[in-house]
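Summary of the model geometry
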Amino acid sequence: MLLFMVLPSKLPNFVHICLLQEGMLEGVSRRAFGASSGTYNVRASELARHKALKTLRVQVALLDDSTQVFEIEKRAKGQALLDLVFNHLELIERDFFGLQYIEPSTSSDNPRRWLDPLKPVKKQLRIRTKSLGTCGLPVLYFRVKFWVSDPGKLTEEYTRYHVFLQLRRDVLEGRLGAQPSTAALLASYALQSELGDYSSDEHGNTYLADMRLVPNQCEDLEKKILELHKLHKGQSPADAEFNFLDHAKRLDLYGVDLHKARDSTNREIHLGVTAIGLVVFQNAIKINTFSWAKIVKISFKRKQFFIQLRRELSENYDSVLGFNLASYRACKCLWKSCVEHHTFFRLHTPRTPARKNLLTLGSKFRYSGRTEFQTVEDCKRRARVERTFVRSPSKRFARQTVPTPSDLGSEARSGSGSSLRHVLTPQGTKLLPSKVLRPPRWPGVRPNPQMMRQAA
């Protein structure tokens, strides 16, 4: 009560002091800054900058190891980007190909997803509007999505060449497993396509030293590839690539879209989606096949994937098989792959999507592109038989030279630890310090412990 009684008496002085201080600050600000004063709205400028970025730039890695940057609208759907890539490559039989991207994930496997042509690119790649122009370009990979069962169905040589590039990469990286004899045969056809007929004067016996065509390449395998290459004399690049595809299509993993899963006994398996149906692999060995003609229905619920099989004459009911996957997204990805492969290879025209109903539950995804039948029939009318194009050379790697014991000893005595050596890796050639070298083991010769200590 005393405070409120005193304040009214002091109020005129307080107001006078405040007005005096305000006048003094105004005078100081005017005298000090004069005409150089100004303001800058940082937030408004940032918002205007984001609104000005109406385009999205993405980088696409092509099958010939080249990259190309494409620019699309910020809200463009996947089909717009696919059209840009196909027009850049001038592909006509384009329905066999697609764009893959690595989905951001906390796990180490980094699952790859196919770009959906009906959904916005920015949403699928999880690109935030605020990060446009400030981070690196998102990367997509141009790959074969639907593997034709017979390369003779492909009308254009240019299309078969792109399928050949994909298969050559899969063989080298170990995704398309093959016996050493089959791998050597495929490598010989790849050599015939790139180098032509073998010539002893031009190629000699060491022309494979800087080329990598098969995994675990060794001198014995190179000799076998060389002998097979000599047998392909007279084959044009197109003939060699066709023979490559004709032998590659017989491999178990040809055209298989693999998905990790577990069966009812909790064993680790792989479910492969193919043109003929669903294939089960265990330890890279095919153990079962369910053709599309035998499958009645496919479905999924949370992490479980189910296939309903047609009953046999001796059975009274349909059998249902269930598989467990790592996550809901992985299960849905497998289900979508089955829907797409069945529609593309088994139907003449895709089914019309059902109308959206708010009361219905579950995914209503349907394949929206053309089928294999439609693509083959259309390309018979539009294909360019006389088309010419330039084939890109394969990668070259520096072969690691095996050091002799004298070289290692002289290097150890000189004390030079900064010299480098080339080491072949799946990503290319790396340089490592030479001090990590160890003397090689020759048959029947034991390594010298003193030399090993010097090299270390």
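The text that follows walks through the structure, step by step, so that each part is easy to find. Just so we're clear, the structure is a prediction, and the values are computed from it rather than from any experiment.

The next subject is the packing of aromatic side chains. What the rule picks out here adds up to eleven aromatic pairs. Ring centres of Phe-146 and Phe-345 lie 6.0 Å apart, and the angle between their planes is 80 degrees; this geometry places the pair in the edge-to-face category. Highlighted residues: Phe-146 in the loop between strand E5 (139-144) and helix H5 (157-172) and Phe-345 in helix H9 (residues 328-346), separated in sequence by 199 residues. Taking relative accessible area as the criterion, Phe-146 reaches 2% and is therefore assigned buried.

Now for the side chain of Gln-100. Mapping Gln-100 onto the fold places it in strand E3 (residues 97-102). Looking at Gln-100, the relative accessible area reads 14%, which means it is buried. For Gln-100, the residues in contact, after removing those within four places along its chain, are Arg-112, Arg-113, Trp-114, Leu-140, Tyr-141 and Arg-143.

Attention now moves to the pairing of strand E9 (residues 285-291). Judged from the six bridges that link them, strand E8 (residues 277-282) and E9 form a sheet pairing that is antiparallel. Paired with Gln-282 across the strands is Ile-285, a residue of E9. Counted between consecutive antiparallel strands, the loop separating E8 from E9 contains two residues, among which Asn-283 sits at a positive phi close to 55 degrees.

Looking now at the environment of Lys-260. Tracing the chain through its elements places Lys-260 in strand E6 (residues 257-262). The class for Lys-260 is exposed, based on a relative accessible area of 59%. Residues Lys-260 and Leu-334, spaced 74 residues apart in sequence, show a C-alpha to C-alpha distance of 9.4 Å. When neighbours within four sequence positions are excluded, Lys-260 is seen to be in contact with Ile-269, His-270 and Leu-325.

Right, let's get into the pairing of E5. Most of E5 sits inside the fold, with five of its six residues counted as buried. Here strand E1 (residues 55-61) runs beside E5; their pairing, made up of three bridges, is parallel. Within the sheet, the bridge partner assigned to Gln-59 lies in E5 and is Val-139. Relative to E5, E3 runs antiparallel, the two being bridged by four bridges. Within E5, the residue paired with Phe-97 across the bridge is Val-144.

The rules we used
Residues numbered from 1 in each chain as written. Predicted model: local features only at pLDDT ≥ 70, side-chain atom pairs only at ≥ 80, totals over all residues. Heavy atoms only, no water. Phe/Tyr/Trp six-rings, centres within 6.5 Å; stacked < 30°, edge-to-face > 60°. Helix = DSSP H or I, 4+ residues; strand = E, 2+ residues; numbered from the N terminus. Buried < 20%, exposed > 50% of the residue type's maximum accessible area, 1.4 Å probe, protein only. Contact = heavy atoms within 4.5 Å. Pairing = 2+ DSSP bridges.

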